[in-house]
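Structural overview for review
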Number of protein chains: 2
Amino acid sequence: MGVEIKIPEATISRISVYSRYLVEVERQGIVNISSGEIAEGVGGTPAQVRKDLAYFGAFGTRGVGYNVRLLNQEIKEILGLSRQWDVILIGAGNLGSALSQYRGFRERGFNILAVFDNDMNKVGLKLNGLPIYAINQMADFIRENKVSIGIIAVPADYAQDVADILIDSEIEGILNFAPTVLTVPEEVIVRDVDLAVNLEVLTYNIENKDV
Amino acid sequence: MGVEIKIPEATISRISVYSRYLVEVERQGIVNISSGEIAEGVGGTPAQVRKDLAYFGAFGTRGVGYNVRLLNQEIKEILGLSRQWDVILIGAGNLGSALSQYRGFRERGFNILAVFDNDMNKVGLKLNGLPIYAINQMADFIRENKVSIGIIAVPADYAQDVADILIDSEIEGILNFAPTVLTVPEEVIVRDVDLAVNLEVLTYNIENKDV
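Residues numbered from 1 in each chain as written. Chains lettered and ligands numbered in written order. Predicted model: local features only at pLDDT ≥ 70, side-chain atom pairs only at ≥ 80, totals over all residues. Heavy atoms only, no water.

Let us look at the overall build of chain A. For chain A, the helix and strand inventory stands at nine helices and nine strands. Projecting the C-alpha coordinates of chain A onto the three principal axes gives extents of approximately 60 × 40 × 40 Å. The long-range share in chain A, meaning contacts at least 24 apart out of those at least 6 apart in sequence, stands at 58%. A total accessible area of about 10500 Å² is found for chain A, and carbon and sulfur atoms account for 49% of it. Of note, chain A has its 19 positive side-chain charges centred 9 Å away from the centre of its 28 negative side-chain charges. (Helix = DSSP H or I, 4+ residues; strand = E, 2+ residues; numbered from the N terminus. Contact = heavy atoms within 4.5 Å. Areas by Shrake-Rupley, 256 points an atom, 1.4 Å probe, with all protein chains shown as cover. Lys, Arg positive; Asp, Glu negative; His and termini not counted. Charge placed at Lys NZ, Arg CZ, Asp CG, Glu CD.)

Take the relation of the copies chain A and chain B next. For these two chains of identical sequence, chain A goes onto chain B by a turn of 180° and a shift of 0.0 Å along the axis, with RMSD 0.0 Å. Such a combination of rotation and displacement between the chain copies is what one expects of a two-fold axis. Identified as the residue of chain A closest to the rotation axis by C-alpha distance is Asn94(A), at 2.6 Å. Of the residues that chain A buries at the interface, 100% are likewise interface residues in chain B, meaning the two copies contact each other through the same surface. (Least-squares fit on C-alpha atoms with pLDDT ≥ 70 in both.)

As a further point, take the packing of aromatic side chains. All told, the structure shown has eight aromatic pairs over all chains when counted by the stated rule. Relative to Phe141(A), the ring of Tyr133(A) has its centre 5.6 Å away and its plane inclined at 40°; by these criteria the two rings are tilted. Take Tyr133(A): its relative accessible area is 29%, and that puts it in the partly exposed class. Geometrically, the ring pair formed by Phe116(B) and Phe141(B) is edge-to-face, given 5.4 Å between the ring centres and 70° between the ring planes. Taken together, the residues span a long stretch of sequence, with Phe116(B) in strand E4 (residues 110-117) and Phe141(B) in helix H7 (residues 138-145) at a distance of 25 residues. Among the residues examined, Phe141(B) registers a relative accessible area of 13% and is labelled buried. Here the aromatic cluster, defined as three or more aromatic residues joined through ring pairs, consists of Phe116(A), Tyr133(A) and Phe141(A). (Phe/Tyr/Trp six-rings, centres within 6.5 Å; stacked < 30°, edge-to-face > 60°. Buried < 20%, exposed > 50% of the residue type's maximum accessible area, 1.4 Å probe, protein only.)

This part is about the layout of surface pockets. Residue and element names in this part refer to chain A. Considering only enclosed or pocket space, the second largest pocket measures out at about 620 Å³ in volume. Leu95, Ala153, Val154, Pro155 and Ala156 are the residues nearest the centre of the second largest pocket, which is lined by 29 residues in total. By residue number, the principal contributor to the lining of the second largest pocket is helix H8 (residues 156-168), which donates six residues. Here the residues of the lining of the second largest pocket are counted per class, giving 18 nonpolar, five polar and six charged. (1 Å grid on protein atoms, 1.4 Å probe; cavity = no way out; pocket = protein on both sides within 12 Å on 5 of 7 lines; lining within 4 Å. Points joined across faces, edges and corners; volume = space filled by probe spheres on them. Nonpolar A, V, L, I, M, F, W, Y, C, P; charged D, E, K, R; others polar.)

Our focus in this paragraph is the nonpolar core. Residues Leu53(A) and Leu53(B) are the most contacted members of the largest nonpolar core, which totals 102 residues. When neighbours within four sequence positions are excluded, Leu53(B) is seen to be in contact with Ile15(B), Tyr18(B), Ile38(B), Ala58(B), Tyr66(B), Leu71(B) and Ile75(B). (Core = buried A, V, L, I, M, F, W, Y, C linked by side-chain atoms within 4.5 Å.)

Looking now at the confidence of the model for chain A. For chain A, mean pLDDT is 90; residues scoring 70 or higher make up 97% of the total. Scored as a complex, the prediction yields pTM 0.82 and ipTM 0.87. (pLDDT = per-residue confidence, 0-100.)

With that out of the way, let us pick up the interface of chain A and chain B. Taken residue by residue, the interface counts 60 residues in chain A and 60 residues in chain B. Summed over both sides, the interface of chain A with chain B buries roughly 5400 Å², with 65% coming from carbon and sulfur. Among the residues chain A hides against chain B, the three largest losses belong to Leu199(A), Glu200(A) and Tyr204(A). Together they make up 12% of the total. When the shortest N-O distance is used, the salt bridge between Glu207(A) and Arg83(B) registers 3.5 Å. Run the count over chain A and chain B and you get 20 residue pairs in polar contact (both at pLDDT 80 or more). At 13 residues, the largest contribution of residues to the side of chain A that touches chain B is made by helix H9 (residues 195-207) of chain A. Counted by class, the side of chain A that touches chain B contains 33 nonpolar, 13 polar and 14 charged residues. (Buried area = accessible area lost by both parts, 1.4 Å probe. Salt bridge = Lys/Arg side-chain N within 4 Å of Asp/Glu carboxyl O. Polar contact = N/O pair within 3.5 Å; in protein donor to acceptor, adjacent residues only side chain to side chain.)

Next up, the structure:
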């Protein structure tokens with residue numbers, strides 16, 4: 001690749017939020033939208049929206065704004081959502097159950113194929129319509145179905161073992177909900193979701209609000 | 001307050017992750033730690049760690065590193081964790097259930113007092129040891145117990161109604177897991193947790209990895 005600009009991860013997160021809002025706007029048949037309208041829709045500022053979109057070469061036209069359909073296409077391309085992603089979920093507990101029914105995933109092109117768990121009372125059953133298989137069936141399943149992403153929703157003590165199977169099966173990415181740092185080779189992309197972080201950013205913001 | 005530096009939210013998130021790691025390190029009796037060791041422990045880079053900590057005036061000593069105990073104290077102070085936060089959880093479904101048993105919250109000073117739900121088959125029961133009350137008991141409960149934070153884990157269609165009760169009851173902050181943008185007055189701090197964002201940052205990183 002040629003010259004590359006490093007885009008902050010916070011920008012990617014916000015672009016993802018804009019994208020979901022813009023899909024809804026497009027569904028309503030709206031043709032153009034201003035940075036101010038996007039900001040209002042997602043709870044941000046117009047300057048932030050303009051800055052974020054400018055990273056991707058999307059510039060609104062003064063007095064007209066952005067073309068909603070084109071902007072949607074561009075953003076989906078950027079986020080890697082113009083393809084479908086086949087996903088498996090590991091862990092059929094409360095969190096796995098909540099994730100399996102999270103409707104936002106399928107709408108965005110994430111196709112959960114199956115759930116894996118080591119509880120033999122759950123294996124063979126369904127979780128929100130998805131088949132539950134045993135962990136020792138996982139490697140074969142990933143290879144046969146060319147699964148791209150594994151979502152880890154098991155207790156911290158089991159997370160590295162699960163990750164090791166995913167890595168050996170040549171998974172592309174891991175979304176890790178277990179509160180532990182995984183050791184993975186460079187070619188596997190990991191994103192950790194730490195639920196306590198969100199509460200602590202909240203308390204920081206409460207303690208530091210301008211009032 | 002005097003001169004104030006705007007600290008990026010991504011920095012606050014990382015500081016929260018460092019903090020949990022440093023608590024573990026302190027528990028092991030380790031006195032000093034280098035930025036490289038922190039980076040290794042959390043899966044970051046030493047330069048990033050140094051930059052993040054410098055925002056808060058914490059500078060390691062060359063050849064010695066940071067004093068673990070002092071750094072822990074400083075970070076907890078910054079994040080607003082030197083006090084205890086009383087929290088309620090709204091929604092006793094799968095996500096609420098997963099959150100109620102998330103051990104990371106209590107360890108960090110977040111004390112979940114009760115769960116609220118509008119399902120009368122659940123009201124009066126317990127969820128992982130926490131009492132489940134009806135939503136119409138929530139306003140009184142918040143005032144009587146001086147609750148600071150409400151965690152919303154209800155479907156999107158109910159989230160604003162729940163938020164309105166929290167706001168009327170003078171809650172300080174809301175952690176919102178519902179995939180919807182809440183309308184709140186300026187004095188209430190909201191943090192949205194959008195689970196799809198995490199998957200989309202992951203796919204962006206997969207599509208843009210340097211290989």
